[in-house]
Amino acid sequence: MIRAATPADVPAVHAMIRELAAYERSLEHAGATEEQLREALFGEHPAAFALIAESDEKAGGGASAAAGPAGFAIWFRNFSTWTGTHGVYLEDLYVRPEARGEGHGKALLAALARICVERGYRRFEWSVLDWNTPSIGFYKSLGAEPMDEWTTYRLSGEPLRTLAALAQSDENPNWATALSI
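Conventions we followed
Residues numbered from 1 in each chain as written. Predicted model: local features only at pLDDT ≥ 70, side-chain atom pairs only at ≥ 80, totals over all residues. Heavy atoms only, no water. Patch = residues over 30% accessible without salt bridge, like charges linked within 9 Å, V, L, I, M, F, W, Y side chains within 5 Å. Areas by Shrake-Rupley, 256 points an atom, 1.4 Å probe, with all protein chains shown as cover. Salt bridge = Lys/Arg side-chain N within 4 Å of Asp/Glu carboxyl O. Helix = DSSP H or I, 4+ residues; strand = E, 2+ residues; numbered from the N terminus. Buried < 20%, exposed > 50% of the residue type's maximum accessible area, 1.4 Å probe, protein only.

(A) Structural context of a nonpolar patch on the surface. A surface patch of nonpolar side chains, amounting to about 410 Å² of accessible area, comprises L155, L160, L163 and L166. Along the polypeptide, L163 turns up in helix α5 (residues 157-165). Judged by its relative accessible area of 47%, L163 falls in the partly exposed class.

(B) Focus on the pattern of salt bridges. All chains considered together, the criterion is met by five salt bridges. The residue D9 makes a salt bridge to R3 at a minimum N-O spacing of 2.7 Å. By relative accessible area, which is 8% here, D9 ends up buried. A salt bridge links E19 to R96, with the shortest nitrogen-to-oxygen separation between them at 3.0 Å. Of the two residues, E19 is situated in helix α1 (residues 10-23) and R96 in the loop between β4 (85-95) and α3 (104-119); the sequence distance between them amounts to 77 residues. Looking at E19, the relative accessible area reads 28%, which means it is partly exposed. Judged by relative accessible area, R96 falls into the buried class, the value being 15%. Connected through salt bridges with shared partners, the residues R3, D9 and E54 form a single ionic network.

Here's what the structure looks like:
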């Protein structure tokens, strides 16, 4: 079953984010706290949204016999100047190892595709690590196409702060606030 996350899901989502970071060999970089997630997902101005894949308790037991969160998808709206419409950017998709192969990943992606179609969004995009061949194969099986001609860039840390300093203005030091960003 796929459902919208609730504030009560934040501890489980936080735990799964840490599991995903460990899988992606980057646990030391996963510093988000439960409080930050709660604010980002359920604060006054949500920055992102989350769906939960929930396992149903199985009568016969099995690897994922316990009911509860089996996976999640965190996403946010983006915008295409070429199509003139919003889209969905999938930040993270994760299904716990014991629940893989039960259709949770496909169901999460299908729910996000439905959001796109129902809202008139023309694009649904995400990134995948180039060594994550199981996920790449899964995405291709759904008809997703790699955007090989595009390279993702990131500014963070000191380079981000250095560039930001160029935008400060003595004339209007609160320009970002004035723009309601």
